[in-house]
Amino acid sequence: SLAFCLRICRHFFMKTKQQKQTILNQLAENLAKQQAMVFVDYKGLKVKDMLDLRDRLKQVGSKLVVAKKTLLSRVMKEKGIGIDLKGMAGQIGAIFAFEDSLAPMKTTNTFAKTNENLKIVGGYFENEIQSAATIVAIASLPSREELLAKLVGTLAAPISGLASVLQGNIKGLVYVLAQRAKTNF
């Protein structure tokens, strides 16, 4: 009876070596394709919120992976990334950015602002380990499109100002000529 219970517990709660190897292979594959990573503490996050976050990340070409810290640390160490995941508090999830390295940071930061149970705890960006504060700061930067729009606006401002000045001078000239024409008649 005790042996049966232990066998059942092992079956449901302990992963076999083959299962662990499958997880390690998937993590290694994700790590090889990533452009950046964000580490989050998802402790207390509801299932529907986790699914919502995963959908949002999928839309920007990213993937949230939940794995044991030991397995994730092992894969990272094999790839030469020395990060102490065991020292991070909470339940750690890794967000892999496959297409745009900034989009998942922005998406995660926006989601974390509206959901207190998700916390950014660090990341890997530009081939360096980054602190949570750095990841949040990077996520807060304006997007490329926003910066280009500001640049266009800045470049167009002098031309717009010149057009207003010239238009004002023409209106003034027309007004003076109209007044002059009234007085001469």
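These numbers come from a predicted model, not from an experiment.

Tell me about a positive patch on the surface, residues and numbers included.
Together, Lys17, Lys20, Lys68 and Arg74 make up a positively charged patch on the protein surface. One can find Lys20 in helix α2 (residues 17–33). What makes Lys20 partly exposed here is its relative accessible area of 38%.

Any chance you could break down a nonpolar patch on the surface for me, citing the residues and the numbers?
A cluster of nonpolar residues, Leu148, Leu151 and Leu155, forms a patch on the protein surface that exposes about 290 Å² of accessible area. As for its position among the elements, Leu155 is in helix α7 (residues 144–184). Of the residues examined, Leu155 reaches a relative accessible area of 58% and is grouped as exposed.

Let's hear about the packing of aromatic side chains: which residues, and what values?
Overall, the coordinates contain one aromatic pair when judged by the stated rule. Ring centres of Phe96 and Phe98 lie 6.3 Å apart, and the angle between their planes is 5°; this geometry places the pair in the stacked category. Over the ring of Phe98 we find Lys33; its NZ or CZ atom is 5.2 Å from the centre of that ring.

A description of the side chain of Ser73 should follow, citing residues and the corresponding values.
Relative to the assigned elements, Ser73 resides in helix α4 (residues 69–78). Beyond its immediate sequence surroundings of up to four residues, Ser73 is in contact with Leu85 and Lys86.

Mind laying out the sheet that holds strand β4 (residues 119–125), listing which residues take part and the relevant values?
One open sheet accounts for five strands, arranged β2-β3-β1-β4-β5; its pairing is antiparallel. Strand pairing shows two members of the sheet lacking a second neighbour, β2 (62–66) and β5 (128–130), which therefore form its edges. Across this sheet, the average inter-strand angle for adjacent strands is 20°, counted without regard to direction. Where strand β1 (residues 36–41) lies against strand β3 (residues 92–97), six bridges are found, and the strand directions are antiparallel. Residue pairing for β3: Phe39 is matched across the bridge by Ala94. Across the sheet, α2 touches β1, β2 and β3, and the angle it forms with β3 is around 45°.

Explain the packing of α2 against α4 residue by residue, including any values.
Interaxial distance between α2 and α4 falls to 10 Å at its minimum, and their mutual angle equals 50°. As the angle between them shows, α2 and α4 are arranged oblique. In this structure, the crossing between α2 and α4 has a hand that is right-handed. Between α2 and α4, the contacting residues are Ile23, Leu24, Leu27, Ala28 and Leu31 on the first element and Leu71, Leu72, Arg74, Val75 and Met76 on the second. Residues of the contact of α2 with α4, tallied by class, amount to nine nonpolar, no polar and one charged.

How would you sum up α2? Please name residues and give values.
Taking 1.5 Å of rise per residue, 17 residues should cover 24 Å, and α2 covers 24 Å from first to last C-alpha, within 8% of that figure. Along α2, the residues classified as buried are Ile23, Leu24, Leu27, Asn30 and Leu31. Here the buried residues of α2 occupy an arc of 125° about the axis, which is enough to place them on one side. The exposed set on the far side of α2, more than 90 degrees from its buried face, consists of Gln18 and Ala32. In this structure, the buried residues of α2 make contact with β1, β2, α4 and β3.

Cut-off values and rules
Residues numbered from 1 in each chain as written. Predicted model: local features only at pLDDT ≥ 70, side-chain atom pairs only at ≥ 80, totals over all residues. Heavy atoms only, no water. Patch = residues over 30% accessible without salt bridge, like charges linked within 9 Å, V, L, I, M, F, W, Y side chains within 5 Å. Areas by Shrake-Rupley, 256 points an atom, 1.4 Å probe, with all protein chains shown as cover. Salt bridge = Lys/Arg side-chain N within 4 Å of Asp/Glu carboxyl O. Lys, Arg positive; Asp, Glu negative; His and termini not counted. Charge placed at Lys NZ, Arg CZ, Asp CG, Glu CD. Helix = DSSP H or I, 4+ residues; strand = E, 2+ residues; numbered from the N terminus. Buried < 20%, exposed > 50% of the residue type's maximum accessible area, 1.4 Å probe, protein only. Phe/Tyr/Trp six-rings, centres within 6.5 Å; stacked < 30°, edge-to-face > 60°. Lys NZ or Arg CZ within 6 Å of the ring centre and 35° of its normal. Contact = heavy atoms within 4.5 Å. Pairing = 2+ DSSP bridges. Axes fitted to C-alpha atoms, helices over the stretch in contact; angles between N-to-C directions. Parallel < 35°, antiparallel > 145°, perpendicular 65-115°, else oblique. Left-handed = near helix turned anticlockwise from the far one by under 90°. Nonpolar A, V, L, I, M, F, W, Y, C, P; charged D, E, K, R; others polar. Expected span 1.5 Å × (residues − 1). Arc of directions from axis to C-beta.

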